[in-house]
Amino acid sequence: MLLATPRVAVGAAIAIAAIVLLIVLSGNNSNSDTTTKGVTTIAIKNGKPVGGIAQLTYNRGEEVRFKVDSDVSDEVHMHGYDIMKDVKAGGSVSFDFPATIEGVFEAELEGRKEQILELTVNP
Amino acid sequence: MSFFLPLAHALVARKDLPVPAWLFAWGASIVLIVSFFALSVGWRTPRFERDRWRPLGAGLSRALLSPPAQVAYGLVGVFLLCLAIYAGLRGTEAPDRNFALTFLYVTTWLGFPLFSVFLGDVFRPFNPWRAAGRVVGGAFTALAGQRPAHLRYPERLGRWPAAAGLIAVVWLEIVYGASGGVAVGLDPHAAAVAALVYSAYTLAMMALFGVEQWCRTGEVFSVYFGMFGRLGCFGVKDGKLGVRRPLSATTTWATVPGSAAVVVASIATTSFDGAQEGAFKGALEGTFNHLVDAGVGLTSALRLTDTVFILLCFAGVGLVYLIGVRGMAGVPGAPSFEKLRAGFAHTLIPIAFAYLVAHYFSLFVFQEQAQFTYLLSDPLGTGTTDLFGTTSSGIDFQLLSANAIWYVQVGALVVGHVIGLTLAHDRATAYWGDYREAARSQYWMLAVMVAFTCFGLYLLSVANA
């Protein structure tokens with residue numbers, strides 16, 4: 001049995017220490033994810049999202065609610081959920097659907113291939 | 001100036017959630033515990049060096065390997081390749097609605113490794129270029145009355161052309177396909193043109209060096225899928241189909257020079273793809289912005305950045321392996337560095353497969369729903385055909401829960417790690433006469449494998465694209 005040799009015993013001790021460390025470290029930041037509440041508005045200026053790609057996070061089963069105010073006419077495509085809605089220049093369009101599919105999805109202005117939203121649905 | 005890098009894949013409508021921290025901790029813990037356990041219970045004589053191949057029933061073997069059957073497999077392969085090229089050239093430019101991209105990059109590129117791992121080298125009979133090459137060779141022999149003469153393949157070149165080709169195939173999809181500032185991936189037209197160019201190149205090489213020689217060392221898909229096929233339990237020997245001990249055929253795989261480069265390229269390209277939106281995101285954006293500030297165009301800057309990082313991944317993965325080999329070479333009774341370098345390359349095949357499963361499992365499951373519904377009914381994606389009445393079907397993204405995907409991902413890495421360790425330990429008992437020295441040499445391979453597996457887990461826990 002090789003485990004009897006001191007080198008392996010030391011190695012095993014280090015490994016166990018590493019495991020404990022990992023578990024402790026992971027315990028600290030596991031409660032940090034927060035979900036989005038209320039209706040978020042994504043403003044589109046010159047065909048691009050103001051302030052970069054919007055980030056929304058929900059848990060499965062919650063209602064996803066967001067509004068797109070756009071200064072260009074295009075179609076908003078919520079990938080994965082496959083919801084498409086047209087928006088006119090200067091108009092706005094609202095999305096309200098249950099978060100049924102887990103994963104990370106993007107919404108984009110379909111005609112411009114411009115991503116405006118990253119939607120995260122946790123289990 | 002600062003830009004967000006676009007999503008590289010053309011087909012991804014849904015990305016996996018990062019593996020949660022608790023599962024990462026569990027996965028890493030299991031890997032470490034299993035590794036130390038493996039050191040203490042190792043067997044002392046090699047078990048996989050002989051394949052214990054035995055033939056299946058002669059009738060089955062004859063039916064599956066008869067010339068008409070082989071012609072049929074070849075025709076299926078050629079037909080599907082032509083269909084993909086045709087769809088790519090004539091069909092819609094929307095990557096997700098065109099048969100070409102899903103068929104080439106998901107069904108074939110990810111599907112054959114999956115089936116090969118369990119069955120053996122199933123690509124070989126369907127290989128369209130091999131089929132075409134054999135027909136041309138046969139016709140030449142019939143007309144000229146002698147077999148075609150070929151150049152001698154440079155022995156030292158080995159499988160390096162296949163390793164380079166493997167990187168090129170992935171590069172085409174995730175580097176060339178991504179263009180600056182806009183979230184589109186490789187378009188089907190470009191994929192079809194690439195397939196045509198590759199076909200011409202492959203047939204030319206087959207004419208120069210012979211069909212079987214090129215399939216063994218140079219043809220990317222034969223070498224790559226064949227590598228995973230070595231894990232599977234079915235194999236053909238002397239024209240007969242037989243069953244062998246699973247994993248055993250891997251032990252003779254790396255006897256061709258450059259084989260280690262193929263498996264390293266596989267791990268490296270998958271790592272890059274997994275890391276580009278997570279672990280490497282900051283570094284990639286930094287390099288990209290430097291290049292843009294220096295006056296390089298957006299598309300060129302993006303391609304240059306990604307190309308450099310893919311090559312860095314290849315160098316990095318290769319270096320970790322070589323450090324392990326160097327370490328083993330220092331153990332008393334060790335064979336030469338060169339022999340060790342080739343001799344342990346096959347132990348990375350399970351790791352390479354685990355990386356594939358971890359990164360592409362969900363994409364494969366979801367995209368195959370498209371492949372067998374609307375892409376099959378309307379290959380061109382133009383809405384003009386509905387061959388099987390399935391054009392209106394979509395992908396059911398609820399088929400897999402995030403938890404199911406996480407368990408498969410982490411499970412694949414752990415199982416791949418265990419099989420890699422098993423093969424490495426087995427090879428060490430064959431190379432070192434003294435059991436204790438064999439075990440000592442395996443500290444090094446153990447470190448290599450823990451590094452790859454934990455890096456794989458880390459990539460999953462950061463983000464996975």
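Residues numbered from 1 in each chain as written. Chains lettered and ligands numbered in written order. Predicted model: local features only at pLDDT ≥ 70, side-chain atom pairs only at ≥ 80, totals over all residues.

> How do you make sense of the overall build of chain A when you look at a structure like this?
A tally of regular secondary structure across chain A gives one helix and nine strands. Taken from N to C terminus, the helices and strands of chain A fall in the order α-β-β-β-β-β-β-β-β-β. Buried residues in chain A amount to 25% of all 123 residues. Sequence separation of 24 or more characterises 57% of the internal contacts of chain A that already satisfy a separation of 6 or more. (Helix = DSSP H or I, 4+ residues; strand = E, 2+ residues; numbered from the N terminus. Buried ≥ 20, exposed ≤ 12 C-beta atoms within 10 Å, placed from the backbone. Contact = placed C-beta atoms within 7 Å.)

> What exactly am I supposed to notice about the overall build of chain B here?
Within chain B one finds 19 helices and four strands. Computed over its C-alpha atoms, the radius of gyration of chain B comes to 23 Å, within 12% of the 23 Å expected for a compact globule of 465 residues. Across the 465 residues that make up chain B, the buried fraction comes to 48%. (Rg over C-alpha atoms; globule rule 2.2 N^0.38 Å.)

> I'm lost on the environment of L356(B) in this one. Help?
All names here are of chain B. Within the secondary structure, L356 sits in helix 16 (residues 349–371). Overall, the presence of 23 C-beta atoms within 10 Å leaves L356 in the buried class. With 234 residues separating them along the chain, L356 and V122 place their C-alpha atoms 18 Å apart.

> Teacher, can you tell me more about the sheet that holds strand 7 (residues 92–98) of chain A here?
Two pairing modes exist for strands in a sheet, parallel and antiparallel, and in both the strands are linked by backbone hydrogen bonds. Residues and elements named next belong to chain A. Strand order in the open sheet made by the four strands is 2-1-4-7, with mixed pairing throughout. Strand pairing shows two members of the sheet lacking a second neighbour, strand 2 (48–49) and strand 7, which therefore form its edges. Taken together, the two bridges between strand 1 (residues 40–45) and strand 2 define a ladder with antiparallel strand orientation. The residue bridging K45 from the neighbouring strand is K48, located in strand 2. (Pairing = 2+ DSSP bridges.)

> Where do I start with the confidence of the model for chain B in this structure?
Residues shown with low pLDDT carry predicted positions that ought not to be read at fine detail. Residue and element names in this part refer to chain B. With 95% of its residues at a pLDDT of 70 or more, chain B shows a mean pLDDT of 89. At the low end of the mean pLDDT range in chain B sits helix 1 (residues 21–41), at 79; at the high end sits helix 11 (residues 220–229), at 97. This stretch, residues 1–8, has a pLDDT under 50; its non-local contacts, to residues over four places away or in other chains, come to 25 contacts. Model confidence for the complex is summarised by a pTM of 0.88, with the ipTM given as 0.76. (pLDDT = per-residue confidence, 0-100.)

> Explanation requested: helix 3 (residues 67–90) of chain B in the structure shown.
Residues spaced three or four apart along an α-helix point in a common direction, a consequence of the helix completing one turn every 3.6 residues. Under the 1.5 Å per step criterion, the end-to-end length of helix 3 of chain B is 34 Å for 24 residues, consistent within 8% with the ideal 34 Å. Turning to helix 3 of chain B, its buried residues are G74(B), G77(B), L81(B), A84(B), I85(B), A87(B) and G88(B). (Expected span 1.5 Å × (residues − 1).)

> Before we go on, may I ask you to explain the nonpolar core in this structure?
Most often, soluble globular proteins have nonpolar side chains that are buried together. All names here are of chain B. Counting 141 residues, the largest nonpolar core has V262, V263, V264 and I267 as its most contacted members. Once residues within four sequence positions are removed from consideration, V264 is found in contact with F314, V317, G318 and Y321. Counting residues in hydrophobic clusters, the runner-up holds seven residues, among them W129, M206, W214 and C215. (Core = buried A, V, L, I, M, F, W, Y, C linked by C-beta atoms within 7 Å.)

> Please explain the pairing of strand 5 (residues 74–78) of chain A as it appears in this structure.
Regular strands show a simple pattern: their side chains alternate between the two faces of the sheet. Residue and element names in this part refer to chain A. Only one face of strand 5 is buried, namely the one carrying D74, V76 and M78, since none of E75 and H77 on the opposite face is buried. As judged from the five bridges shared by strand 5 and strand 6 (residues 83–87), these two strands associate in the antiparallel manner. Of the residues in strand 6, the one forming a bridge with E75 is D86. Hairpin connection between strand 5 and strand 6: a loop of four residues separates the two successive antiparallel strands, and G80 in this loop has a positive phi of roughly 80°. Relative to strand 8 (residues 103–109), strand 5 is paired through three bridges, and the arrangement is antiparallel. Across the sheet, the residue bridging to H77 is E108, located in strand 8.

> Got a minute to help me understand unusual backbone geometry in this structure?
Negative phi values dominate among residues other than glycine, just as trans dominates among peptide bonds. The phi dihedral of N46(A) falls on the positive side, at around 55°, and the residue is not glycine. Positionally, N46(A) belongs in the loop between strand 1 and strand 2. In this structure, D238(B) is a non-glycine residue whose phi angle is positive, near 50°. Tracing the backbone shows D238(B) in the loop between strand 3 (234–237) and strand 4 (240–243).

> Would you explain the packing of helix 5 (residues 111–119) of chain B against helix 11 of chain B in this entry?
Helix packing geometry: the angle between the two helix axes and the distance between the axes. Packing of helix 5 of chain B against helix 11 of chain B brings their axes to within 7 Å, and their N-to-C directions diverge by 35°. On helix 11 of chain B, the residues that touch F112(B), P113(B), S116(B) and V117(B) of helix 5 of chain B are F225(B), F228(B) and G229(B). (Axes fitted to C-alpha atoms, helices over the stretch in contact; angles between N-to-C directions.)

> I would appreciate a short explanation of the environment of V211(B) in the present structure.
All names here are of chain B. Turning to its location among the elements, V211 is positioned in helix 10 (residues 211–217). Judged by C-beta crowding, with 25 C-beta atoms within 10 Å, V211 ranks as buried. Each C-alpha atom, one on V211 and one on G137, is 8.3 Å from the other, the two residues being 74 residues apart in sequence. In this view, V211 contacts R130, G133, R134, G137 and M206; residues no more than four positions away in its chain are not counted.

> Where do I start with the sheet that holds strand 4 of chain B in this structure?
Residue and element names in this part refer to chain B. Taken in spatial order, the three strands of this open sheet run 2-4-3, and their pairing is antiparallel. Strands at the two margins of the open sheet, each flanked by one partner only, are strand 2 (54–55) and strand 3. Pairing between strand 2 and strand 4: two bridges, direction antiparallel. Within strand 4, the position partnered with P55 by the bridge is G242.

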